[in-house]
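A closer look at the structure
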Amino acid sequence: MPLTVILWAILAPSAAVLVIFIGWSALVRVPYYFSNLSRTSFKINGGMAKEIPKVALKPWLATLRVKWKKSPFKTSISVLSETFFYFLALLLTFASCALATLLIIFPLSFALSLQELAAPLKLFRIIALIGGLVGLLFLFQIIFYYSHRTVKKGRLAPPIIPLPRGEIGAVVRMNFLRSAYLFNRLQIGIGISPFLGSASILIASKQDAAGNLLPPDRIGNTSENNEQSSIYLGLILVGWAIAMAVAEILSRLVNFRMPAQYAVANLNKLLNWESENERSAKQTLGIFDPFGSRRTQMEKSIRSTEILARRLDLVRNDHPVASIIFGCARYMRKFLTRTESMSGKIPIEIQKAMRDTIAVIAGASHPDFLKQAGKSVDAFEADGTPISSLRTKKLGRWASLFTRFSDSTEKYARLGNAAWTITLLLIIIFLSIRGDLDLTKIQIQK
């Protein structure tokens, strides 16, 4: 088999994953940037403060009437400039997201071009129009997300994060929820990119008269027989596995770049499971565990919070906020080792400590709240100094990799079994269509 075909089948899915991720990242980042509605207000004493304007028609009209009576010309200029700014923001969002959508579908359009099926220009215009509208939808969804107390639940809905409004300023709350929305959407894009990339490769492939799956003519010609087709199909599966690995690397890079959002996402997922009474009991190595999936998720939350705290300590040694985060991680770790964890439920005091830690990570800065959060996880001594046992010795590289591998074994085992089952089913269907497998002649043993 030619080298070009081998490289195409193995590397093309990963390249498609990278292209799709870049396009998806642009599609969600543009609304993220333009959703920042905070502005600087000047106080009477000369100070400055950040605030978020409240979108309400009656107060806005009342304020406009007062300003109009004082200076009609300045008021007109102000209204026109703000209208132009918002219109420009919507226009830039629409245009940028339209271009990003075309980048997302580039692997698919390239696959169709290899099949000599050129899509009409009108179709690309429609796709770009849909992408621009999706970008505007994301923009309004982000604004609604950080400006309302409740959000509709759904599989693709942004996460509901319990942030106390009294302890966190409006601008700080807005900025964190915006970043949490961005983190959630980036992870969704990473999750779907391997499947879109592999689908593009399958669409680009051709079939001969006998139904053999072969590479496109522009990539390299191979003899049309069963052996070459089987090798090509095996290379595609290898390429799909590499694409999954590339997606995992991208996911870890996003987690590394946004450690606070990653830690909050893990803690919040655990709290949502508890509030929705999700079943979590399962068998681990043949042993029944009532805490089951919650145990795995809590261990993941412990690691993500400790990573965040360590990175915060690198910036500011023994930071008080890092001590609170370390305290929450230690609190959860102690719970996992006790018989309480066999009840299948998370105690109320640990749930409260997790919610307080989420608020601290999100930017709660009131001294009384920080003291109460530190006290609930026993992070400080009586004199306010952090407890020395909080900052435990970091695991070595190999120990950390082994721990992560152990946690991921079950997930990837299920994924591998599902992929293998689907592959076998496709092979049986493929052989049946070609006539090499006659299901009517298979004898069932009695």
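Reading guide: rules and limits
- Residues numbered from 1 in each chain as written.
- Predicted model: local features only at pLDDT ≥ 70, side-chain atom pairs only at ≥ 80, totals over all residues.
- Heavy atoms only, no water.
- Patch = residues over 30% accessible without salt bridge, like charges linked within 9 Å, V, L, I, M, F, W, Y side chains within 5 Å.
- Areas by Shrake-Rupley, 256 points an atom, 1.4 Å probe, with all protein chains shown as cover.
- Salt bridge = Lys/Arg side-chain N within 4 Å of Asp/Glu carboxyl O.
- Helix = DSSP H or I, 4+ residues; strand = E, 2+ residues; numbered from the N terminus.
- pLDDT = per-residue confidence, 0-100.
- Core = buried A, V, L, I, M, F, W, Y, C linked by side-chain atoms within 4.5 Å.
- Buried < 20%, exposed > 50% of the residue type's maximum accessible area, 1.4 Å probe, protein only.
- Contact = heavy atoms within 4.5 Å.
- Phe/Tyr/Trp six-rings, centres within 6.5 Å; stacked < 30°, edge-to-face > 60°.
- Axes fitted to C-alpha atoms, helices over the stretch in contact; angles between N-to-C directions.
- Parallel < 35°, antiparallel > 145°, perpendicular 65-115°, else oblique.
- Left-handed = near helix turned anticlockwise from the far one by under 90°.
- Nonpolar A, V, L, I, M, F, W, Y, C, P; charged D, E, K, R; others polar.
- Polar contact = N/O pair within 3.5 Å; in protein donor to acceptor, adjacent residues only side chain to side chain.

Observations regarding a nonpolar patch on the surface
Together, Tyr33, Phe34, Phe84, Phe87, Leu88, Leu91 and Leu92 make up an exposed nonpolar region whose accessible area comes to about 700 Å². Mapped by element, the contributors of at least two residues to the nonpolar patch are helix H1 (3-34) and helix H3 (72-104). Counting residues per element, the nonpolar patch draws most heavily on H3, which supplies 5 residues.

Details of the confidence of the model for the protein chain
Mean pLDDT for the protein chain: 77, with 73% of residues reaching 70 or above. Per-residue pLDDT, averaged within each element of the protein chain, yields its smallest value for helix H13 (residues 397-434) (52) and its largest for helix H11 (residues 348-362) (91).

Focus on the nonpolar core
A general feature of soluble globular proteins is that nonpolar side chains tend to end up buried together. Among the nonpolar cores identified, the biggest contains 72 residues, and Ile161, Leu163, Phe176, Met298, Met332, Met354 and Ile361 are the most heavily contacted of them. In terms of residue count, helix H10 (residues 320-337) provides more of this core than any other element does, 10 residues in total. In this view, Met354 contacts Leu267, Leu270, Leu271, Cys328 and Met332; residues no more than four positions away in its chain are not counted. Counting residues in each nonpolar core, the second largest holds 12 residues, with Trp8, Ile10, Ala111 and Tyr232 among its members.

Focus: unusual backbone geometry
The phi dihedral of Asp318 is positive, around 55°, even though this residue is not glycine. Asp318 gets classed as partly exposed once you look at its relative accessible area, which sits at 39%. At Asp378, a position not held by glycine, the phi torsion is positive, near 55°. Tracing the sequence through the fold places Asp378 in the loop between helix H12 (367-376) and H13. Note on Asp378: relative accessible area 48%, which makes it partly exposed.

Comments concerning the packing of aromatic side chains
Under the criterion given, the structure shown has 7 aromatic pairs. Relative to Tyr181, the ring of Phe138 lies with its centre 6.5 Å away and its plane at 75°, an arrangement referred to as edge-to-face. Of the two residues, Phe138 sits in helix H5 (residues 121-147) while Tyr181 sits in helix H6 (residues 170-204), which places them 43 residues apart along the sequence. No difference in accessibility class separates Phe138 from Tyr181, as the two residues are buried. Taken together, a centroid distance of 6.0 Å and an interplanar angle of 50° make the contact between Tyr145 and Tyr181 tilted. In this pair, Tyr145 is assigned in helix H5 and Tyr181 in helix H6, connecting sequence segments 36 residues apart.

Here we look at the packing of H11 against H12
Put simply, H11 and H12 touch, their axes get as near as 10 Å, and they point 140° apart. One finds that H11 runs oblique with respect to H12. In this structure, H11 crosses over H12, and the sense of that crossing is left-handed. Every residue of H12 that contacts H11 at Lys352, Ala353, Asp356, Ala359 and Val360 is listed here: Phe369, Leu370, Gln372, Ala373 and Ser376. When the residues that make up the contact of H11 with H12 are grouped by side-chain class, the tally is 6 nonpolar, 2 polar and 2 charged.

Regarding the side chain of Thr93
Relative to the helices and strands, Thr93 is located in helix H3. Within polar-contact distance, the side chain of Thr93 engages the backbone oxygen of Ala89 at 2.8 Å. For Thr93, the residues in contact, after removing those within four places along its chain, are Val30, Pro31, Phe34, Gly135, Leu136 and Leu139.

Re the side chain of Asn266
Note that Asn266 resides in helix H8 (residues 259-275). Those residues within four positions of Asn266 in sequence are excluded, and the remaining contacts are Gln297, Lys300, Ser301 and Ser304.

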